[in-house]
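# Observations on the three-dimensional arrangement
One letter stands for each residue in the lines below.
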Number of protein chains: 2
Amino acid sequence: MAVLLSGRGSNFNALYHDSLASDSGYRVVLVVSDNKAAPGLLRAREIGLDTVFLDPELLSGCPAFSRQLVKELQFRNVDLICLAGFMRILGRQVVDTYAGRILNIHPALLPAFPGLNAQRQALEYGVKCSGCTVHFVDRGMDTGPIVLQQCVEVLDHDNEDSLSRRILEAEHRLFPRAVRLFFAGNLCLEGRRVRIK
Amino acid sequence: MAVLLSGRGSNFNALYHDSLASDSGYRVVLVVSDNKAAPGLLRAREIGLDTVFLDPELLSGCPAFSRQLVKELQFRNVDLICLAGFMRILGRQVVDTYAGRILNIHPALLPAFPGLNAQRQALEYGVKCSGCTVHFVDRGMDTGPIVLQQCVEVLDHDNEDSLSRRILEAEHRLFPRAVRLFFAGNLCLEGRRVRIK
């Protein structure tokens, strides 16, 4: 499995630690970042994982970036791509090459609050239930078939920080569960619905 | 409190039974329907509650319907209007006269799946968490400030009936809670956010 990240990589950490369990059924073989200084990338390097920095300045334009990314992934026989705070929209070549094999985690109960700053959107709307969603990535923005969701209660005194923190804790449990289901062959796509065997 | 309904009135039943508790803090003084044959209306009449049937054919056009409705409500000094499966969009006159005093229950976690057939929309989208929402009614369609929400898990084998049934059970608990909070003066509107004292 490859993990793509742009920031601190706390979901990468959760996935990496889960992968170490003897019954996890998967291994992280590559960490890719579009941000040279991403703490998640530095952490992966410390651990001794294979890492790749793809420079968006050098690989100007989405197609060149995508081509290079696919090359790196195919070279390592990656079966699944996990987007863990990857702040770049994946190019069509990647999405099509890895159709049904890319998972993203989003800090809201999709289809509510897609895109950036989902937690702030949720607070501004005034919902009482938010949460997180693991979904397959398709060509849209946060529109792919949903694998797992976890509800997180919004509290009266919540601000963006406190809500994000509680949702993040839920993310760290949810993402590894989804990855295990994928590698166990237990996810069954029927139209837009993902059934769990 | 007045309850407006168009169908079986299962939420009316839940509210009516809750209102009978000595500590409920509210009473149902009127049940209004736009459907002469609504089982909820017949049930209210059996119980001996004050009921009104507003004929949409006779009161053709939204303004006439609204005028008559406001008259009936004001005549009984109604403090709160609860929409319990009322299939008609309230006219501007009603919404403005009773601003902040109309509650609706919707069978989804708004802002996801507004409008009709919310449970079917949720199943077709493939979400894993749906639920129900009690919200204040504003001029939009299911857009008003949210008072309470309850998450209901969507199961792999769910169809529209089974999901609707489980959401309905949650509705029957959620709506009376919201009404009690309203009559206890514990709902505090701050912008779009409803804080609970």
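Heads up: these notes are all about the structure in this document.

### Quick look at the interface of chain A and chain B
Taken together, the contact pairs 29 residues of chain A with 29 residues of chain B. For the chain A and chain B pair, buried surface summed over both sides reaches about 2300 Å², with 51% attributable to carbon and sulfur atoms. A per-residue breakdown of the area chain A buries against chain B is headed by Tyr125, Lys128 and Arg193 of chain A, which together make up 30% of the total. Joining chain A to chain B, the criterion identifies zero salt bridges. When contributions to the side of chain A that touches chain B are tallied by element, the ones reaching two or more residues are helix H5 (118-125), strand E7 (146-153) and strand E9 (193-196) of chain A. The biggest single contributor to the side of chain A that touches chain B is E7 of chain A, with six residues. Here the side of chain A that touches chain B is built from residues that sort into 16 nonpolar, five polar and eight charged.

### Topic: the sheet that holds E7 of chain A
Residues and elements named next belong to chain A. The strand order across the open sheet formed by seven strands is E3-E2-E1-E4-E5-E6-E7, and the pairing between neighbours is mixed. Single-partner strands in this sheet number two, and they are strand E3 (51-53) and E7. Averaged over all pairs of adjacent strands, the angle between strand axes in this sheet comes to 15°, irrespective of strand direction. As paired elements, strand E1 (residues 2-5) and strand E4 (residues 81-83) share three bridges and run parallel to each other. The partner of valine 3 across the bridge, within E4, is cysteine 82. Running at roughly 165° to E1, helix H1 (residues 10-19) makes contact with E1, strand E2 (30-33), E4 and strand E5 (102-106) of the sheet.

### Quick look at the sheet that holds strand E3 (residues 51-53) of chain B
All names here are of chain B. One open sheet holds the seven strands; their spatial order is E3-E2-E1-E4-E5-E6-E7, and the pairing between them is mixed. The strands lining the two open edges of the sheet, one partner per strand, are E3 and strand E7 (146-153). The sheet shows a mean angle of 15° between the axes of neighbouring strands, taken without regard to direction. Where strand E6 (residues 129-136) lies against E7, seven bridges are found, and the strand directions are antiparallel. Bridging across to E7, glycine 131 finds its partner in cysteine 151. Lying over the sheet, helix H1 (residues 10-19) contacts strand E1 (2-5), strand E2 (30-33), strand E4 (81-83) and strand E5 (102-106), oriented at roughly 165° with respect to E1. Along the sheet, helix H6 (residues 160-183) makes contact with E4, E5, E6 and E7, crossing E7 at roughly 155°.

### Notes on the environment of asparagine 159 of chain A
Residues and elements named next belong to chain A. Tracing the chain through its elements places asparagine 159 in the loop between E7 and helix H6 (160-183). The sequence separation of asparagine 159 and arginine 8 amounts to 151 residues, and the corresponding C-alpha distance is 21 Å. There is a polar contact of 3.1 Å between the side chain of asparagine 159 and the backbone nitrogen of aspartate 161.

### Digging into the packing of aromatic side chains
The tally for this structure, following the rule as stated, stands at eight aromatic pairs over all chains. Ring geometry for tyrosine 26 of chain B versus phenylalanine 183 of chain B: centroids 5.7 Å apart, planes at 10°, classification stacked. Placement of the pair is tyrosine 26 of chain B in the loop between H1 and E2 and phenylalanine 183 of chain B in helix H6, with a sequence separation of 157 residues. Among the residues examined, tyrosine 26 of chain B registers a relative accessible area of 5% and is labelled buried. Phenylalanine 183 of chain B gets classed as partly exposed once you look at its relative accessible area, which sits at 26%. Three or more aromatic residues joined by ring pairs form one cluster here, namely Tyr26, Phe182 and Phe183 of chain A. Directly above the ring of tyrosine 125 of chain B sits arginine 192 of chain A, whose terminal nitrogen or CZ lies 4.1 Å from the centroid.

### Looking at helix H5 (residues 118-125) of chain B
One turn of an α-helix holds 3.6 residues; hence residues three or four places apart share an orientation. Along H5 of chain B, the residues classified as buried are Ala118, Gln119, Ala122, Leu123 and Tyr125 of chain B. Projected down its long axis, H5 of chain B shows its buried positions confined to an angular sector of 165°, all on one face. Buried residues in H5 of chain B make contact with E7 and E9 of chain A together with E5, E6 and H6 of chain B. A positive backbone phi angle near 90° is found at glycine 126 of chain B, which sits one or two residues after H5 of chain B.

What counts and how
- Residues numbered from 1 in each chain as written.
- Chains lettered and ligands numbered in written order.
- Predicted model: local features only at pLDDT ≥ 70, side-chain atom pairs only at ≥ 80, totals over all residues.
- Heavy atoms only, no water.
- Contact = heavy atoms within 4.5 Å.
- Buried area = accessible area lost by both parts, 1.4 Å probe.
- Salt bridge = Lys/Arg side-chain N within 4 Å of Asp/Glu carboxyl O.
- Helix = DSSP H or I, 4+ residues; strand = E, 2+ residues; numbered from the N terminus.
- Nonpolar A, V, L, I, M, F, W, Y, C, P; charged D, E, K, R; others polar.
- Pairing = 2+ DSSP bridges.
- Axes fitted to C-alpha atoms, helices over the stretch in contact; angles between N-to-C directions.
- Polar contact = N/O pair within 3.5 Å; in protein donor to acceptor, adjacent residues only side chain to side chain.
- Phe/Tyr/Trp six-rings, centres within 6.5 Å; stacked < 30°, edge-to-face > 60°.
- Buried < 20%, exposed > 50% of the residue type's maximum accessible area, 1.4 Å probe, protein only.
- Lys NZ or Arg CZ within 6 Å of the ring centre and 35° of its normal.
- Arc of directions from axis to C-beta.

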